[in-house]
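# Breakdown of the fold
Given next are the chains, with one letter for each unit.
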Amino acid sequence: MTTTVGSTPIGGRTINFTLNGSYVGTAQTDSNGVATLSASLYGINVGTYPTGVGASYPGTAQGVVPGYLASTATNSLTITPATLTVTADDKTKVYGQSDPPFTFTYSGFLGTDGAASIDTPPTCTVAIPHVNVGVYTDAINCSGGADNNYNFVFAPGTLTVEPAGTLVITASSHSMPYGGTIPTITPSYIGLQGSDTGPDIPPTCSTTVTSSSPVSGNPYTTSCTGASDPNYPNITYVDGTVQVTPVALTVTANNQTRAYGAANPPLDATITGFANGETLATSDVTGAPSCTTTATPSSPVSGSPYPITCTVGTLASTNYTFDFFVPGELTITPSGSLVITASSGTMPYGGAVPTITPSYAGLLGGDTAPAVPPTCSTTATPSSPVSGNPYTTSCTGASDPNYANITYVNGTVTITPVSLTVTANNKTRPYGAANPTLDATITGFANGETLATSNVTGAPSCTTTATPSSPVSGSPYPINCALGTLSSTNYTFAFFVPGELTIAPVTLTVTANNDSKVYDKIAF
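Reading guide: rules and limits
- Residues numbered from 1 in each chain as written.
- Predicted model: local features only at pLDDT ≥ 70, side-chain atom pairs only at ≥ 80, totals over all residues.
- Heavy atoms only, no water.
- Helix = DSSP H or I, 4+ residues; strand = E, 2+ residues; numbered from the N terminus.
- Rg over C-alpha atoms; globule rule 2.2 N^0.38 Å.
- Buried < 20%, exposed > 50% of the residue type's maximum accessible area, 1.4 Å probe, protein only.
- Pairing = 2+ DSSP bridges.
- Axes fitted to C-alpha atoms, helices over the stretch in contact; angles between N-to-C directions.
- Salt bridge = Lys/Arg side-chain N within 4 Å of Asp/Glu carboxyl O.
- Disulfide = S-S within 2.5 Å.
- Phe/Tyr/Trp six-rings, centres within 6.5 Å; stacked < 30°, edge-to-face > 60°.
- Lys, Arg positive; Asp, Glu negative; His and termini not counted.
- Polar contact = N/O pair within 3.5 Å; in protein donor to acceptor, adjacent residues only side chain to side chain.
- Contact = heavy atoms within 4.5 Å.
- Core = buried A, V, L, I, M, F, W, Y, C linked by side-chain atoms within 4.5 Å.
- 1 Å grid on protein atoms, 1.4 Å probe; cavity = no way out; pocket = protein on both sides within 12 Å on 5 of 7 lines; lining within 4 Å.
- Points joined across faces, edges and corners; volume = space filled by probe spheres on them.
- Nonpolar A, V, L, I, M, F, W, Y, C, P; charged D, E, K, R; others polar.
- Patch = residues over 30% accessible without salt bridge, like charges linked within 9 Å, V, L, I, M, F, W, Y side chains within 5 Å.
- Areas by Shrake-Rupley, 256 points an atom, 1.4 Å probe, with all protein chains shown as cover.

This brings us to the overall build of the protein. A count of helical and extended segments in the protein gives zero helices and 41 strands. Taking 2.2 N^0.38 as the reference for a compact globule, 524 residues should give roughly 24 Å; the C-alpha atoms of the protein span a radius of gyration of 77 Å, well beyond that estimate. Principal-axis analysis of the C-alpha atoms gives the protein an extent of 275 × 65 × 60 Å. Classification of the 524 residues of the protein by burial places 30% in the buried group.

Shown next as structure tokens:
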């Protein structure tokens, strides 16, 4: 501050100074009337204060000579921002990891100011690509921020990206059916960072398996090699495997046909599903399936077709399994001709008509008769004469789906004559008389016939050994009959029963002759 009286400087006077009204100290005027005071502006924010600088002279005390009056003066105060340097801190990160927090360091604070004094702190980022391993000099840049008392000057920092750890590449593992398509071997990765899906130069992967590799060679190796990437200086490989699995074959029972009643044919099957163009003969399949059917020789045509089922039997293979069994069919067809013959028989004239029964030629499968047996009959009746022989027997009406053709053969009934009994009639005569007429009684007629109603003709011839002189003592004498002129078609004369001729004594009259004698006490 300059003090003058008029235009004459006044030295040696104490001047009081204020900044924005706050006392900051005193200073003595020099010979030029100038008082100079150095004061800190800290604590006064940037800005222009029209009366910010104040000076006052209290004047001299009364009675002091020379004496001066008190005076004050103000002037404007302009405070401009200080420079604050913001230096981005250097950072290091591992490839693939997220960026670390970007920080900075202030330099240039005044007084007790610090980071907490800044109104709006700046922020730091990396604006250039910085994915791969390397040193990115001056890549970290800070910007923004605001404070009334400071202007920011920014200094960049360096970002160093270090290589990642070990990248492990594993060849994929698979299974494939024997003879199938070789699977594509692909890599999988452990240790990839960030959005990486693989190394810069991916590996080449392969396997030792081929389409013809057998199951017995399991497992087959898969491997990868040849990958490279500067971000992954250490790459290791892990092998995988391919397992060749057996192929499931289909065993289909072959359809068969046989006639009813015949033994089942050999039951076999067709095996399909071979790989590599193989056949049953060229594959490693051994053994044969076991095939059965529910049909027996006696199984009827009506139940046809009968299932043929197969099981694994003795089938064996390393390259194949036997998982699918498809049934077949056994078709039973009707057999050849069934010949039904009506029974033949004999019956006596007038007797009971025999029961006509069938006999069979060509029955199969344990059959004892067709499903629908025939009806059998004969033209013979009890009154049929012998002369009509033979009488037909026949069967008809049989049916059975198990037999293609049913034919019939007739039989016969032969009527045989009935044997009649010729019984000589008993006779009586007196001794010495001529024999009476000898005859007989015929019995055994059929159908209620009598001698008169039958077709018997003629008469028997009957004789006896007796003569008129045959004595009574020989009585009775036999009467025997023979066929004589007897004749018949319906009857025979097989039985002749003798009769008897009884000779009765003749009554004699005995007349005693008269006589005499002398008494001598002796009878005659």
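Our focus in this paragraph is the sheet that holds strand β29 (residues 345-348). The sheet built from four strands is open, its strands ordered β29-β34-β32-β31 with mixed pairing. Pairing within the sheet leaves two strands with one partner each, and these edge strands are β29 and β31 (375-378). On average, each strand axis in the sheet is inclined to that of its neighbour by 25 degrees, with strand direction left out of account. Note: strand β32 (residues 391-396) against strand β34 (residues 411-416), three bridges, orientation antiparallel. Across the sheet, the residue bridging to T392 is T412, located in β34.

The next subject is the pattern of salt bridges. Applying the stated criterion across every chain yields a total of two salt bridges. Salt-bridge contacts for K93 lead to D99; the nearest nitrogen and oxygen are separated by 2.9 Å. The class for K93 is buried, based on a relative accessible area of 10%. Take D99: its relative accessible area is 35%, and that puts it in the partly exposed class. Where D439 meets K427, a salt bridge forms, and the shortest distance between an N and an O atom there is 3.5 Å. Here D439, found in the loop between β36 (427-430) and β37 (440-443), pairs with K427, found in strand β36; they are twelve residues apart in sequence, far enough to count as distant. When its relative accessible area of 34% is taken as the criterion, D439 is described as partly exposed.

Taken as a whole, this structure holds five disulfides when the rule is applied. Each sulfur of the disulfide joining C462 and C481 lies 2.1 Å from the other. Between C462 and C481 the disulfide shows an S-S torsion of about 100 degrees. By sign, it is right-handed. A residue pair is termed long-range when its members are at least 10 positions apart, and C462 in strand β38 (residues 461-464) and C481 in strand β39 (residues 477-482) qualify at 19 residues. Ordinal numbering of bonded cysteines along the protein defines a disulfide pattern of 1-2, 3-4, 5-6, 7-8, 9-10.

Where the residue is not glycine, phi is negative for most of them; where a peptide bond is considered, it is trans in most cases. Here N218 and P219 are connected by a cis peptide whose omega angle stands at -10 degrees. The topology assignment puts P219 in the loop between β17 (204-207) and β18 (220-225). Positive phi, normally seen in glycine, also occurs at N20, with a value near 50 degrees. Note that N20 resides in the loop between β3 (14-19) and β4 (22-28). Here the phi dihedral of N276 falls at roughly 55 degrees; this positive angle occurs in a residue that is not glycine. If you trace the backbone, N276 turns up in the loop between β23 (269-272) and β24 (290-293).

On to the packing of aromatic side chains. Here a ring pair, both rings aromatic, is described through the centre-centre distance and the interplanar angle of the planes. One pass over the full model with this rule turns up ten aromatic pairs. Aromatic side chains Y95 and Y232 sit 5.3 Å apart centroid to centroid with 90 degrees between the ring planes, which places their arrangement in the edge-to-face category. One end of the pair, Y95, is in the loop between β8 (91-94) and β9 (104-107); the other, Y232, is in the loop between β18 and β19 (235-238), with 137 residues separating them in the sequence. When sorted by exposure, Y95 lands in the same class as Y232, which is buried. One aromatic cluster is present, formed by F104, Y106, F109 and Y150 through successive ring pairs.

Our next topic: the sheet that holds β9. On the basis of which strands lie adjacent, the open sheet formed by three strands has the order β9-β7-β12 and mixed pairing. In this open sheet, the two edge strands, each paired with only one partner strand, are β9 and β12 (150-155). Between one strand and the next, the sheet's axes are offset by a mean angle of 25 degrees, whatever the strand orientation.

Here D229 lies in the loop between β18 and β19. Despite being buried, D229 has no salt bridge partner; K93 is the closest side chain of opposite charge, sitting 13 Å away. There is a polar contact of 2.9 Å between the side chain of D229 and the backbone nitrogen of N231. Ignoring sequence-local partners within four residues, the contact set of D229 consists of G198, P199, D200 and I235.

If you look at the biggest cluster of nonpolar residues, it comprises 89 residues, and the most contacted ones within it are Y320 and Y491. In contact with Y320, not counting residues within four places along its chain, are Y178, P246, V247, L249, G273, F274, A275, E278, S283, D284 and V285.

Turning our eyes to something else, we now look at the layout of surface pockets. Roughly 210 Å³ of volume is contained in the largest pocket. For the largest pocket, the lining is made up of 14 residues, of which L41, Y42, I44, L110 and N149 are closest to its centre. Broken down by class, the residue content of the lining of the largest pocket amounts to nine nonpolar, four polar and one charged.

Attention now goes to a nonpolar patch on the surface. A grouping of Y431, V506, L508 and V510 is seen on the molecular surface, where their side chains present a nonpolar patch of about 450 Å² in accessible area. Structurally, Y431 can be placed in the loop between β36 and β37. Taking relative accessible area as the criterion, Y431 reaches 39% and is therefore assigned partly exposed.

Now for the pairing of strand β14 (residues 167-171). The buried fraction of β14 amounts to four of the five residues, a majority that puts the element mostly inside the structure. Bridging between β14 and β19 involves four bridges; their strand directions are parallel. Paired with L167 across the two strands is I235, which belongs to β19. Here β14 runs beside strand β16 (residues 187-190); their pairing, made up of four bridges, is antiparallel. Paired with I169 across the bridge in β16 is Y189.

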